[in-house]
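Analysis of the macromolecular model
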Amino acid sequence: MTDQFDFGDNWLEFSVRVLTEKKVNEARKDFQSLIGNYNLAGKSFLDIGFGQGLSLLIATEMGASLLVAI
């Protein structure tokens, strides 16, 4: 029998243990540094299924609409 990766359980453990308000605020700062003065409001933001999803959170906070490819 092969072990199956259970994304839902993995994400739940990550979000409870690691995804703190401090980490989210650090991600906001880093994301803003990455995009500089570029305004995302009304723009499309493509996420290719990489990372923890924080870029999606922050881009939507900045007014972007999402395009997600998994």
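For the structure, see preceding data.
Definitions and limits used
- Residues numbered from 1 in each chain as written.
- Predicted model: local features only at pLDDT ≥ 70, side-chain atom pairs only at ≥ 80, totals over all residues.
- Heavy atoms only, no water.
- Helix = DSSP H or I, 4+ residues; strand = E, 2+ residues; numbered from the N terminus.
- Buried < 20%, exposed > 50% of the residue type's maximum accessible area, 1.4 Å probe, protein only.
- Areas by Shrake-Rupley, 256 points an atom, 1.4 Å probe, with all protein chains shown as cover.
- Salt bridge = Lys/Arg side-chain N within 4 Å of Asp/Glu carboxyl O.
- Expected span 1.5 Å × (residues − 1).
- Arc of directions from axis to C-beta.

Examining the overall build of the chain
A count of helices and strands for the chain gives three helices and two strands. Ordered by position from the N terminus, the helices and strands of the chain form the series α-α-β-α-β. Within the span of the chain, comprising 70 residues, buried residues form 17% of the whole. As presented, the chain carries roughly 5,700 Å² of accessible surface, and 58% of it is formed by carbon and sulfur atoms.

Some words on the pattern of salt bridges
What the rule picks out here adds up to two salt bridges. A salt bridge links Arg 28 to Glu 21; the shortest N-O distance between them is 3.7 Å. Owing to a relative accessible area of 27%, Arg 28 belongs among the partly exposed residues under this scheme. You can call Glu 21 exposed: its relative accessible area is 54%. A salt bridge links Glu 61 to Arg 28, with the shortest nitrogen-to-oxygen separation between them at 2.7 Å. Of this pair, Glu 61 sits in helix α3 (residues 54–61) while Arg 28 sits in helix α2 (residues 21–35), and the two are 33 residues apart along the sequence. Judged by relative accessible area, which is 44%, Glu 61 ranks as partly exposed. One salt-bridge network, held together by shared partners, links Glu 21, Arg 28 and Glu 61.

Concerning the environment of Phe 14
Here Phe 14 is to be found in helix α1 (residues 7–17). Between the alpha carbons of Phe 14 and Gln 52 there is a distance of 9.1 Å; along the sequence they are 38 residues apart.

With respect to α2
Given a rise of 1.5 Å per residue, 15 residues ought to cover 21 Å, and the 21 Å separating the end C-alpha atoms of α2 matches this to within 8%. Looking only at α2, the buried set comprises Val 24, Ala 27 and Phe 31. Down the axis of α2, the sector holding all buried residues measures 55°, keeping them to one side. Structural note: α2 exposes Lys 22, Lys 29, Asp 30 and Ser 33 on the side pointing more than 90 degrees away from its buried face. Backbone geometry just downstream of α2 places Gly 36 in the positive-phi region, at approximately 65°.

Keep in mind that these numbers describe shape and distance, not what the molecule does.
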